[in-house]
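Breakdown of the fold
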Amino acid sequence: MPAPSPLPLDPIAEAHRQWTEHGWSDAADGMAAVTSLMRAQQIMLARVEEALKPTGLTFSRYELLTLLTFTKNGALPMAKASARLQVHPTSVTNAVDRLESVGYVRRIPHPSDRRTTLVEITEQGRTLAVEATERLNSLVFAKPGLARDKLMALVRILAELRSDAGDFDSDDITTSFRFRS
């Protein structure tokens, strides 16, 4: 599907103007920021989905596979995977169900806690995670659409927003990310 033609004006800037004109100037900047973030998320998700399409993965399933590749043993308790991915446990269960049905992960009993189930990546899942990461790195992550200095500033600003919302606890979010020079 071809990309749509650019609009002749920025609809968010126009909404900002309208907000101000209608007497909501105290909320206009926030509306523009929130709406811009939502639109940027749509743009990035479309790029990610396009890159992942040949792998058959959704971004949420990709994230789970990749998280498992980063663990020492390739396995995590399902509750811990949910916490690290910052999603509801039902979302992890759904992703595990789908990935397990095609052989990319398996559920195994926890060795010392009978109440806990681990999700473990298979070799087939590990291979797919690497392939998907290489696609995302080359098609999306290496070229996100912003100059490096702006990219670093954006990540720091969003980290501040996320920290303020209680997403994570950090004493100094300016040092949370180590950008290469």
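Residues numbered from 1 in each chain as written. Predicted model: local features only at pLDDT ≥ 70, side-chain atom pairs only at ≥ 80, totals over all residues. Heavy atoms only, no water.

Moving on: the overall build of the protein. When helices and strands are counted, the protein shows 7 helices and 3 strands. For the protein, the C-alpha radius of gyration of 20 Å lies well beyond 16 Å, the compact-globule estimate for 181 residues. Structurally, the protein occupies a C-alpha span of about 65 × 40 × 35 Å along its principal axes. The 181 residues of the protein split such that 25% are buried. Across the protein, every contact between residues at least 6 apart in sequence was considered, and the portion connecting residues at least 24 apart equals 45%. Element-wise, carbon and sulfur atoms account for 56% of the exposed surface of the protein, whose accessible area totals about 12600 Å². When the 22 positive and 22 negative side-chain charges of the protein are each reduced to one mean point, those points stand 8 Å apart. (Helix = DSSP H or I, 4+ residues; strand = E, 2+ residues; numbered from the N terminus. Rg over C-alpha atoms; globule rule 2.2 N^0.38 Å. Buried < 20%, exposed > 50% of the residue type's maximum accessible area, 1.4 Å probe, protein only. Contact = heavy atoms within 4.5 Å. Areas by Shrake-Rupley, 256 points an atom, 1.4 Å probe, with all protein chains shown as cover. Lys, Arg positive; Asp, Glu negative; His and termini not counted. Charge placed at Lys NZ, Arg CZ, Asp CG, Glu CD.)

Below, the discussion takes up the nonpolar core. Counting 26 residues, the largest nonpolar core has Leu64 and Leu65 as the members making the most contacts within it. Mapped onto this core, the elements with two or more residues apiece are helix H2 (25-52), helix H3 (59-69), helix H4 (78-85), helix H5 (89-101), strand E3 (117-121) and helix H6 (123-141). Contacts of Leu65, omitting those with residues within four sequence positions, involve Leu57, Leu99, Tyr104, Val105, Ile121, Gly125, Leu128 and Ala129. (Core = buried A, V, L, I, M, F, W, Y, C linked by side-chain atoms within 4.5 Å.)

The antiparallel open sheet is built from 3 strands, whose spatial order is E1-E3-E2. The sheet is open, and its two borders are formed by strand E1 (75-77) and strand E2 (105-109), each paired with just one other strand. Averaged over neighbouring strand pairs, the angle between their axes works out to 30° when direction is ignored. Against the sheet, H5 makes contact with E2 and E3, and its axis sits at roughly 115° relative to E2, the strand it touches most. (Pairing = 2+ DSSP bridges. Axes fitted to C-alpha atoms, helices over the stretch in contact; angles between N-to-C directions.)

For the coordinates displayed, the defined rule picks out 2 aromatic pairs. Look at Phe59 and Tyr62: their rings are 6.0 Å apart centre to centre, the planes differ by 25°, and that puts the pair in the stacked class. Note that Phe59 and Tyr62 are positioned in helix H3 at a spacing of 3 residues, about one turn of the helix. (Phe/Tyr/Trp six-rings, centres within 6.5 Å; stacked < 30°, edge-to-face > 60°.)

Of all 5 residues in E3, 4 are buried, a share of seventy percent or more. Taken together, the 3 bridges between E1 and E3 define a ladder with antiparallel strand orientation. Looking at E3, one finds that Leu76 is bridged to Val119. The sheet contact formed by E2 and E3 spans 5 bridges and is antiparallel. From the neighbouring strand, Pro109 faces E3, where its bridge partner is Thr117.

Here the focus is the side chain of Thr71. Note on placement: Thr71 falls in the loop between H3 and E1. A distance of 2.8 Å separates a polar atom in the side chain of Thr71 from the backbone oxygen of Leu68. (Polar contact = N/O pair within 3.5 Å; in protein donor to acceptor, adjacent residues only side chain to side chain.)

Below, the discussion takes up the environment of Tyr104. Looking at where Tyr104 falls in the secondary structure, it is placed in the loop between H5 and E2. Judged by its relative accessible area of 16%, Tyr104 falls in the buried class. Contact partners of Tyr104, with chain neighbours within four places excluded, come to Leu65, Leu99, Glu120, Ile121, Thr122, Gln124, Gly125 and Leu128.

With that settled, consider the packing of H3 against H4. How two helices pack is summed up by the angle between their axes together with the distance between the axes. In the contact formed by H3 and H4, the axes pass within 11 Å of each other and the chain directions differ by 110°. One finds that H3 runs roughly perpendicular with respect to H4. Two packed elements cross with a definite hand, and for H3 against H4 that hand is right-handed. Along the contact surface, H3 presents Glu63, Leu64 and Leu67, while H4 presents Ala81, Arg84 and Leu85. The residue makeup of the contact of H3 with H4, split by class, is 4 nonpolar, no polar and 2 charged. (Parallel < 35°, antiparallel > 145°, perpendicular 65-115°, else oblique. Left-handed = near helix turned anticlockwise from the far one by under 90°. Nonpolar A, V, L, I, M, F, W, Y, C, P; charged D, E, K, R; others polar.)

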